[in-house]
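One-letter residues, chain by chain:
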Amino acid sequence: AFSALDQWFLGYPETALTRSRRGIAGATQRGDAYGQAFSSAMGCTLLFLLRDAAALADRVEQCSSLCRQHGFRLWQAYADVFLGRLAAARGEATAGVEQIKSTLAAWQKAGPPLGTDSLILVLADTCLQLAGPRPPAGDSAAGAGRAALLATGLEAVESRIGPGTVQVGYGYPAELYRLRGELLLAQDGPGAAAEALECFQTALRLAGEHGLRCPELRAAMSLVRLRDSLRSQGAAFAAELAEARQCLREVYGRFTEGFAFPDLQDAAALMENEPRRGIGETR
């Protein structure tokens, strides 16, 4: 179960999915209910990272059912976070986000470090996706709701990357920095470009230093999108866009599998300057 997550970070999404399924199947064959719940919980994280909403829904139900049946409260909390994610994707935005927040707060209060960063990523990414584009100037209610979502996502991310924080899991800090940049851009638009750029560059550096191809690919895509939004400001910005696209091509070129998965499809499309997906889409 853990090695499946490692394989995703290292840039092998197909291998990751195979290992995750193998872990669950092995626990099932042994009649190991706790092993099934644990492997399913880790599988939820993997499917979230793979952006496979349909498979995530099935895996969450499996995990939650096992936890309810056997009283595995630790992994029930994992399931509850992802159930909140799925509820938000179905249109139950307020209820879904509140479920994630309350479950995460209880999880952090209990003190287990395992999985904290991954669950914070779920909250922050859900808030970012739900916020969507900036509403019309006259729609104050929508504007207030969007601002609250972005503030929630930023608060969650910054609780883990601020001064004095302890980051758990070598792969997650890069994603946390990338998401912070995306949230800042959604919140403040071009006014946050410099700070977002710093976040994306930090994410790219952290991922590159450890050979974490999937986070590196995501950081490179965020960098290209930001540079593309600024290219109309002059030749220097156009040159920086070309450099960012070259970086993306180099990162993409190091992959040997997983080309049917959303991240690699989006990277290929982005190199051709095509649009990206939204929340809840599957491969």
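Look above for the structure.
This text gives an overview of the structure that appears in the document.

1. Re the nonpolar core
Among soluble globular proteins, nonpolar side chains are generally buried collectively. In terms of nonpolar packing, the biggest core is built from 87 residues, with W75, F82 and L248 touching the most fellow members. At 11 residues, the largest contribution of residues to this core is made by helix α3 (residues 33–50).

2. Looking at helix α8 (residues 140–161)
A turn of α-helix holds 3.6 residues, and therefore any two residues three or four places apart point the same way. For α8, spanning 22 residues, the distance from its first C-alpha to its last is 31 Å, which sits close to the expected 32 Å at 1.5 Å a residue. R146, L149, L150, T152, G153, L154, A156, V157, R160 and I161 are the residues of α8 that are buried. Where α8 is buried, its residues meet α6 (93–110), α7 (116–131) and α9 (172–188).

3. Some points on the pattern of salt bridges
For the structure shown, the criterion picks out 17 salt bridges. For R178, the salt bridge goes to E175, with nearest N and O atoms at 2.6 Å. Pair noted here: R178 and E175 are both in helix α9, with a separation of three residues, about one helical turn. Considered together, R178 and E175 belong to a single accessibility category, that of buried residues. Its salt-bridge partner being R180, residue E195 comes within 2.7 Å of it at the nearest N-O pair. One end of the pair, E195, is in helix α10 (residues 193–209); the other, R180, is in helix α9, with 15 residues separating them in the sequence. We classify R180 as buried; its relative accessible area is 16%.

4. Some words on the side chain of T103
Note on placement: T103 falls in helix α6. A polar atom in the side chain of T103 sits 2.8 Å from the backbone oxygen of Q99. Apart from the residues lying within four places of it in its own chain, the contact partners of T103 are A77, D80 and V81.

5. Quick word on the packing of aromatic side chains
A complete count under the given rule lists 10 aromatic pairs for this structure. Ring geometry for F2 versus F38: centroids 5.4 Å apart, planes at 65°, classification edge-to-face. Placement of the pair is F2 in helix α1 (residues 2–9) and F38 in helix α3, with a sequence separation of 36 residues. We classify F2 as partly exposed; its relative accessible area is 42%.

6. A closer look at the state of the cysteines
What makes a disulfide is a covalent bond joining the sulfur atoms belonging to two cysteines. Going through the model one piece at a time under the given rule, you end up with zero disulfides. Between C67, a free cysteine, and C63, which holds the nearest cysteine sulfur, the sulfur-to-sulfur gap is 4.1 Å. Overall, the relative accessible area of 3% leaves C67 in the buried class. Counting only cysteine sulfurs, C214 is the nearest neighbor of C247, a cysteine outside any disulfide, at a range of 15 Å. What makes C247 partly exposed here is its relative accessible area of 21%.

Definitions and limits used
- Residues numbered from 1 in each chain as written.
- Predicted model: local features only at pLDDT ≥ 70, side-chain atom pairs only at ≥ 80, totals over all residues.
- Heavy atoms only, no water.
- Core = buried A, V, L, I, M, F, W, Y, C linked by side-chain atoms within 4.5 Å.
- Buried < 20%, exposed > 50% of the residue type's maximum accessible area, 1.4 Å probe, protein only.
- Helix = DSSP H or I, 4+ residues; strand = E, 2+ residues; numbered from the N terminus.
- Expected span 1.5 Å × (residues − 1).
- Contact = heavy atoms within 4.5 Å.
- Salt bridge = Lys/Arg side-chain N within 4 Å of Asp/Glu carboxyl O.
- Polar contact = N/O pair within 3.5 Å; in protein donor to acceptor, adjacent residues only side chain to side chain.
- Phe/Tyr/Trp six-rings, centres within 6.5 Å; stacked < 30°, edge-to-face > 60°.
- Disulfide = S-S within 2.5 Å.

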